[in-house]
Amino acid sequence: MSIAREYTRSLRKHLRCRAVWPPLLDVRPGDYGVFRGGVFVRIGHLTTDFGVPVVSEPGGRRAEEFQYHSEGTLGFGGAADLAVGDAGAELQIALARRASFFVSVAELDVERLQSPRQIALELRERDDWPFLRYFVVGELFKGRDLLFYGSESGEAGVSLRGESSELVRFQQLGKLSGSIQIASSGDCRLQYRGSPDVTAAIGLNLFRIRRIGVDPLRYRAAVESTAGSTLLAAREEDDDALEPLEDGDDLDDDRLDDGETRLA
């Protein structure tokens, strides 16, 4: 499994969201896109491309810090080793296996759309909205001091050097002091570092628009095989235009891959 797939599965399990990929990608509530390789890919924004106004609002603090290692542990577990010496301290984080990664972020907050159902209703009235294809970003999980390192081949590692108090603070709160020095070894090609002053999105929650009150994945078959009166009755029974994308960690997002949309 690729790092991107494993990363998004990890966030679904522990934060109930999907990954922003690659890390540090600029994503906003109201963006829309498709899935490619089991990962959400941004295409554009509702206001710019469809003229639908959107407003975002704070959604509260999700976690004071979030740290995860691909070996399956919150925090760094046995993959990390802190050594303290006379000249300072060093925290070594191993990326020994294939498709290894770790992520750390501090002050993880949620930013969300205001009135998403009203937005869904506006989109449902449009003839140019692809109902079975596009997903809309309804929530973003944003934090500070983002640190993400990954190695597809394994046999790599990352070391953080600084004062012992700074490294302990990083382990406990996810906060990176400007004096901490970070270096990688081996085949560690995925390297992303955020800022304490600017929030970076690591996760998102998505929804899609229902054309009528039935599962949109079955809508096309229903149109071909079901009488119009039956479809109308279904719409009256369940007419919510917004369908959140489920986030169970046992689901494979490859099933959502889009085979038709050409990305810019």
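Residues numbered from 1 in each chain as written. Predicted model: local features only at pLDDT ≥ 70, side-chain atom pairs only at ≥ 80, totals over all residues. Heavy atoms only, no water.

Asker: I'd love a proper account of the overall build of the protein, names of residues and values included.
Answerer: From N to C terminus, the protein includes six helices and 14 strands. Taken over 264 residues, the protein has a buried fraction of 46%. Relative to all contacts within the protein whose residues are 6 or more apart in sequence, the contacts with residues 24 or more apart total 78%. Accessible surface for the protein amounts to roughly 12800 Å². Of this, 45% is attributable to carbon and sulfur atoms. (Helix = DSSP H or I, 4+ residues; strand = E, 2+ residues; numbered from the N terminus. Buried < 20%, exposed > 50% of the residue type's maximum accessible area, 1.4 Å probe, protein only. Contact = heavy atoms within 4.5 Å. Areas by Shrake-Rupley, 256 points an atom, 1.4 Å probe, with all protein chains shown as cover.)

Asker: Would you mind going over unusual backbone geometry in detail, with residue names and values included?
Answerer: Residues W21 and P22 are joined by a peptide bond in cis, for which omega reads -5°. With respect to the secondary-structure elements, P22 resides in the loop between β1 (18–19) and β2 (31–36). The residue A99 is not glycine, and still its phi comes out positive at about 55°. Along the chain, A99 turns up in the loop between β7 (88–95) and β8 (100–113). Taking the relative accessible area as the measure of exposure, A99 reaches 14% and is therefore buried. Its identity as a non-glycine residue notwithstanding, D145 has a phi of 55°, on the positive side. Within the secondary structure, D145 sits in strand β9 (residues 135–151). Taking the relative accessible area as the measure of exposure, D145 reaches 5% and is therefore buried.

Asker: Account for the side chain of D31, naming residues and giving values.
Answerer: Positionally, D31 belongs in strand β2. Within the structure, the side chain of D31 is placed 2.8 Å from the backbone nitrogen of R28, a separation counted as a polar contact. Among the polar contacts made by the side chain of D31, one reaches the side chain of R42 at a distance of 2.9 Å. When residues no more than four places from it in sequence are discounted, the contact partners of D31 are D26, R42, G44, H45, F135, V136 and V137. (Polar contact = N/O pair within 3.5 Å; in protein donor to acceptor, adjacent residues only side chain to side chain.)

Asker: So what about the packing of aromatic side chains? Which residues, and what values?
Answerer: In this structure the tally under the stated criterion is 17 aromatic pairs. Grouped by ring-pair contacts, the aromatic residues Y7, W21, Y68, F101, F148 and Y192 constitute a single cluster. (Phe/Tyr/Trp six-rings, centres within 6.5 Å; stacked < 30°, edge-to-face > 60°.)

Asker: Provide a residue-level description of the pattern of salt bridges, including the pertinent values.
Answerer: Here the idea is simple: oppositely charged side chains can pair when their charged atoms come close. Applying the stated criterion across every chain yields a total of 12 salt bridges. For E57, the salt bridge identified is with R112, shortest N-O distance 3.1 Å. Highlighted residues: E57 in strand β4 (residues 56–69) and R112 in strand β8, separated in sequence by 55 residues. R61 is the salt-bridge partner of E64, the closest N and O atoms lying 3.0 Å from each other. (Salt bridge = Lys/Arg side-chain N within 4 Å of Asp/Glu carboxyl O.)

Asker: Run through the nonpolar core, naming residues and quoting values.
Answerer: Counting residues in each nonpolar core, the largest one holds 25 residues, and the members touching the most others are Y7, W21, F66, L108, F148 and I202. Of all the secondary structure elements, the ones that give two or more residues to this core are α1 (3–15), β4, β8, β9, β12 (190–193) and β13 (200–209). The contacts of Y7, once residues within four sequence positions are left out, are A19, V20, W21, F101, V103, F148 and I202. Judged by nonpolar contacts, the second largest core, of 17 residues, contains L46, L123, Y134 and A241. (Core = buried A, V, L, I, M, F, W, Y, C linked by side-chain atoms within 4.5 Å.)

Asker: Tell me about the environment of W21, and please be specific about residues and values.
Answerer: Its place among the elements puts W21 in the loop between β1 and β2. With 17 residues separating them in the primary sequence, W21 and A4 have C-alpha atoms 6.9 Å apart. Once residues within four sequence positions are removed from consideration, W21 is found in contact with I3, A4, Y7, V39, F40, F148 and L190.

Asker: Hey, could you go over the environment of P23 for me, with residue numbers and the actual values?
Answerer: Its location among the elements puts P23 in the loop between β1 and β2. Taking C-alpha positions, P23 is 9.2 Å from G203, a pair spaced 180 residues apart along the chain. The residues touching P23, leaving out its near neighbours within four places in the chain, are L146, F148 and Y192.

Asker: I'd like to hear about helix α4 (residues 164–173), residue by residue, with values.
Answerer: For α4, the full list of buried residues reads E166, L167 and F170. The arc that holds the buried residues of α4, viewed along the axis, is 95°, so those residues lie on one side. Projecting away from the buried face of α4 at angles above 90 degrees are the exposed residues S165 and Q172. As for α4, its buried residues are in contact with β4, β6 (80–85), β7, β8, β9 and β10 (156–162). Two residues or fewer past α4, G174 is found with a positive phi of approximately 75°. (Arc of directions from axis to C-beta.)

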